[in-house]
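Structural description and commentary
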Amino acid sequence: MDFGILTKWLIPALPALLNWVAAYAVEKVMQQRGFKPWQGGNAGRIAGILVFLFSAALFHRAQFFNAGIFLQQQWPIDIAEWLAILVVLAILYAWQRQLLKTRIPQGMESFPNAAMKAPRLFVYAVVFIAYLFCYEVYFRGYFLMYALRGEPLYWVIGYNSLLYALVHLYKGRQQTLAAIPFGILLCLVTLWTGHIWFAWLVHVMLALGIEVRLLSGKAITHHQKASV
């Protein structure tokens, strides 16, 4: 067995696997202790941020990846690209508003009960946004564009997307299956644009656009809440 090849393909996956274990463990413990789903979710994301920061420091020391230099290389962005991002975000925003007029997504049935005020909602959003930033720097930055350079692109995208789906396993079958085409799409867009900002902002809107509305308790009517 060629341990060199095994190591080359295994090491890049370690931060994602560690994040998966940390987030799952934290959320499971908090669930067992009676915390609400959104509380466990954000605690798991804080654990994930710490894992990604530790991994970034370790990889920097091992000279695998310099996140600071990578982020400097992500600029500038053309005005046309910013406009395209804004158009996509506006479409997602409108779609999410329409969706919440009819139903609450699976697994979020209890979110409207949180009725979060602005300060708590702001902290929740900041943690989520920071987590997704670390997520995209890792998945669509280091993993996609640096870790496996020289390998066939279809292998890299496939491996990236399967790993991305794997870390969604504990969130249920629906999210796991949806993560595969979504992961492929984000990889292709990142390779096409040459930066992670489109992937990050779209990911933020998809993840937070619904959750923030639900957690505020103002996204749907009382009649709709009762019908879920």
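See the structure above.
Here goes a summary of the coordinates provided. (Residues numbered from 1 in each chain as written. Predicted model: local features only at pLDDT ≥ 70, side-chain atom pairs only at ≥ 80, totals over all residues. Heavy atoms only, no water.)

1. Remarks on the overall build of the protein
Helices and strands together make up the secondary structure of the protein, namely 10 helices and 0 strands. Listed N to C, the secondary structure of the protein is α-α-α-α-α-α-α-α-α-α in terms of helices and strands. Rg of the C-alpha trace for the protein: 18 Å, near the compact-globule value of 17 Å for 228 residues, within the 12% margin. With the C-alpha coordinates aligned to their principal axes, the bounding extent of the protein is approximately 60 × 45 × 30 Å. Per-residue burial over the protein gives 43% buried out of 228 residues. When contacts within the protein are restricted to residue pairs at least 6 apart in sequence, those whose partners lie at least 24 apart make up 80%. Looking at the protein as shown, the accessible area adds up to about 12900 Å², and 68% of this sits on carbon and sulfur atoms. Taken together, the 18 basic and 8 acidic charged side chains of the protein have centroids lying 14 Å from each other. (Helix = DSSP H or I, 4+ residues; strand = E, 2+ residues; numbered from the N terminus. Rg over C-alpha atoms; globule rule 2.2 N^0.38 Å. Buried < 20%, exposed > 50% of the residue type's maximum accessible area, 1.4 Å probe, protein only. Contact = heavy atoms within 4.5 Å. Areas by Shrake-Rupley, 256 points an atom, 1.4 Å probe, with all protein chains shown as cover. Lys, Arg positive; Asp, Glu negative; His and termini not counted. Charge placed at Lys NZ, Arg CZ, Asp CG, Glu CD.)

2. Some words on helix H2 (residues 14-32)
Taking 1.5 Å of rise per residue, the 19 residues of H2 would be expected to cover 27 Å, and the 27 Å separating its terminal C-alpha atoms lies within 8% of that figure. Of the residues making up H2, those classed as buried are Pro-15, Ala-16, Asn-19, Ala-22, Ala-23 and Met-30. Angularly, the buried residues of H2 cover 130 degrees about the axis, an arc narrow enough to put them on a single face. For H2, the exposed residues lying more than 90 degrees away from the buried face are Val-21 and Gln-32. Check the buried side of H2 and you find it contacts helix H3 (37-61), helix H6 (118-147) and helix H7 (153-166). Phi turns positive, to about 90 degrees, at Gly-34, one or two residues after H2. (Expected span 1.5 Å × (residues − 1). Arc of directions from axis to C-beta.)

3. Quick notes on a nonpolar patch on the surface
A cluster of nonpolar residues, Leu-10, Leu-14 and Leu-18, forms a patch on the protein surface that exposes about 250 Å² of accessible area. Residue placement: Leu-14 occurs in helix H2. Accessibility expressed as a relative area gives 37% for Leu-14, which makes it partly exposed. (Patch = residues over 30% accessible without salt bridge, like charges linked within 9 Å, V, L, I, M, F, W, Y side chains within 5 Å. Salt bridge = Lys/Arg side-chain N within 4 Å of Asp/Glu carboxyl O.)

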